[in-house]
Amino acid sequence: MPGSAPRRRGRAMKVRVAVNGYGTIGKRVADAVTKQPDMVLVGISKTRPSFEARSAAEKGYALFVAGEGRAADFEAAGLKVAGTVPDLLARADVVVDATPDRVGSENRAIYSKRGIPAIFQGGERADVAEASFSALGNYAACRGKKSLRVVSCNTTGIARAVSVLEPRWGIESWEATLVRRAADPAESKRGPLNGIVPAFHLPSHHGPDVRTIYPDLPIVTTALVVPTTLMHVHANHVRLKKPPKEVSEVVRAFGETSRFHLFAPWEHVDGTPQVMEYARDRGIGFNDMMENVLWEEGIHLDGGELHFFQAIHQESIVVPENIDAIRAVLNLAPDGPSSVEVTDRALGLPVRTRSGPRGPARKPP
Ligand code: NAD
């Protein structure tokens, strides 16, 4: 039955997940699915043979032909094809659509005609799905929906931070300047290569997008694009309604929350190059940094005025949220924290439960 976890002889089975669109996000979600205790990957789709189709085949993922693709082209490249996207959907309980911006909207009719629950990405308009999703923000409201849209990397990052600050101290206002990466590391046709490009549309679309999760949040965002591929960085100014006395309370609140990673001053992380070097040292996912990254010394409190920087690894931050979104549509977990705990443990991320952190200890040398 769509919208609930499949069962056989009274026992829960692993849900079968299809990933339609196997690029930056899709390949990460596919790998993440294979690590989950309650999910199995039934296959991925590609429109044409490519290095990514090859690596999917090398991982043993069943390959299905998408869009205008031709099976003969894959066979000619020595890549075995298991069928077309309709065949992939027929084998699945849920589909994660990770196709380029706006292609997901075109696919929506195919999914709804088949009655298969679908997870879309942040490049789609909000009305592509029944609701926009943030695991830490609105899991409960999204449970049992037939379709969800995991909000974009920047929106996911802001929504996570709201989930820490709003319940503790209340938010009077939030202004964020988003310094955005020009391209993903694998892209060779985007820029700017040399220049800083402001977005003249004010506010930028990110603030309204955060309000698809938190409708009443008084947030205004501006954005500019810079020549880097590693990460985005947000400069946040939040006016708190009932601020804590000490900034250490804010540091502790972020530090004890799942999907936040704080760097201490003794770690000498000046900026995004060291963050991503740490990710390579750590080796999770595709050497990813799926958490919001904050610097302890980059969090300042002056009365009710809170300033903090956070870095967002655009390629991976939405990956755990896609896994949680699958659990939400199929009712696989009773609440958001339960799903987040299962997801993060399976991915090798530090697990922080409601009773406190249980991640790797980070002590000064
Ligand atoms: P991508 O271009 O890296 O990957 C998309 C893949 O889908 C490509 O392999 C492409 O060949 C394939 N494709 C194209 N048409 C298809 C079709 N009809 N059927 C199946 N596959 C098709 O894109 P991406 O960066 O992974 O982005 C996917 C979605 O995730 C977008 O909505 C994007 O806005 C969102 N997103 C991207 C990032 C990011 O930084 N890359 C971050 C968060 C969210």
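Residues numbered from 1 in each chain as written. Predicted model: local features only at pLDDT ≥ 70, side-chain atom pairs only at ≥ 80, totals over all residues. Heavy atoms only, no water.

Every one of the 21 residues lining the ligand counts as a neighbour, but Thr-24, Ile-25, Lys-46, Asp-101 and Asp-184 are closest to it. Between the ligand and the protein, one listed contact pairs an oxygen atom with a backbone N or O atom of Tyr-22 at 3.4 Å. Separating an oxygen atom of the ligand from a backbone N or O atom of Thr-24 is a distance of 3.0 Å. Elements with a minimum of two residues in the shell around the ligand: helix H1 (24-35) and strand S4 (39-46). For the shell around the ligand, the per-class residue count stands at 7 nonpolar, 10 polar and 4 charged. (Near = heavy atom within 4 Å. Polar contact = N/O pair within 3.5 Å; in protein donor to acceptor, adjacent residues only side chain to side chain. Helix = DSSP H or I, 4+ residues; strand = E, 2+ residues; numbered from the N terminus. Nonpolar A, V, L, I, M, F, W, Y, C, P; charged D, E, K, R; others polar.)

The next subject is the environment of Phe-120. Mapped onto the secondary structure, Phe-120 falls in strand S8 (residues 118-120). Sequence spacing of Phe-120 and Asp-335 is 215 residues, and the spatial spacing of their C-alpha atoms is 20 Å. Not counting residues up to four positions away in its chain, the partners in contact with Phe-120 are Asp-97, Gly-104, Arg-108, Tyr-111, Val-128, Ala-129, Ser-147, Leu-148, Arg-149 and Val-150. (Contact = heavy atoms within 4.5 Å.)

Time to look at helix H9 (residues 247-255). By the burial criterion, the buried members of H9 are Val-250, Val-251, Ala-253 and Phe-254. In a view along the axis of H9, the buried residues occupy a sector of 160°, so they form one face of it. Residues of H9 that are buried make contact with helix H7 (153-169), strand S15 (260-263), strand S16 (292-302) and strand S17 (305-312). (Buried < 20%, exposed > 50% of the residue type's maximum accessible area, 1.4 Å probe, protein only. Arc of directions from axis to C-beta.)

Examined against the element boundaries, Gly-104 turns out to sit in helix H5 (residues 103-114). Measuring from C-alpha to C-alpha, the distance between Gly-104 and Asn-20 comes to 9.2 Å, with 84 residues separating the pair along the chain. With near-sequence residues (within four places) excluded, Gly-104 lies in contact with Asp-97, Thr-99, Phe-120, Glu-124 and Val-128.

Quick look at the confidence of the model for the protein chain now. Per-residue confidence for the protein chain gives a mean pLDDT of 94; residues scoring 70 or more make up 93%. Between residues 356-365, whose pLDDT stays under 50, and residues either more than four places distant or in other chains, the model counts 20 contacts. (pLDDT = per-residue confidence, 0-100.)

A few words on empty space enclosed by the protein. Enumeration according to the criterion identifies 1 cavity of 30 Å³ or more in this entry. Here the largest cavity is characterised by a volume of approximately 50 Å³. Forming the walls of the largest cavity are Arg-28, Asp-31, Ala-32, Lys-35, Gly-285, Phe-286, Asp-288, Met-290, Val-319 and Leu-347. For the lining of the largest cavity, the leading source of residues is H1, giving 4 residues. Taken together, the residues of the lining of the largest cavity break down into 5 nonpolar, 1 polar and 4 charged. (1 Å grid on protein atoms, 1.4 Å probe; cavity = no way out; pocket = protein on both sides within 12 Å on 5 of 7 lines; lining within 4 Å. Points joined across faces, edges and corners; volume = space filled by probe spheres on them.)

This part is about the packing of H1 against helix H11 (residues 318-330). The N-to-C vectors of H1 and H11 enclose an angle of 55°; their axes lie 9 Å apart at closest approach. Between H1 and H11, the angle is such that the two are oblique. Judged by the sense of rotation from one axis to the other, the crossing of H1 with H11 is right-handed. Across the interface between the two elements, Ile-25, Arg-28, Val-29, Ala-32 and Val-33 of H1 pack against Val-318, Val-319, Asn-322, Ile-323 and Ile-326 of H11. (Axes fitted to C-alpha atoms, helices over the stretch in contact; angles between N-to-C directions. Parallel < 35°, antiparallel > 145°, perpendicular 65-115°, else oblique. Left-handed = near helix turned anticlockwise from the far one by under 90°.)

On the basis of which strands lie adjacent, the open sheet formed by 7 strands has the order S12-S13-S11-S14-S17-S16-S15 and mixed pairing. If you trace the sheet from one side to the other, it starts and ends with strand S12 (197-198) and S15, each paired once. With 8 bridges connecting them, strand S11 (residues 171-181) and strand S14 (residues 232-240) associate as antiparallel partners. For Val-179, the partnering residue across the bridge sits in S14 and is Val-233. This element, H9, spans S15, S16 and S17 of the sheet and lies at about 160° to S16. (Pairing = 2+ DSSP bridges.)

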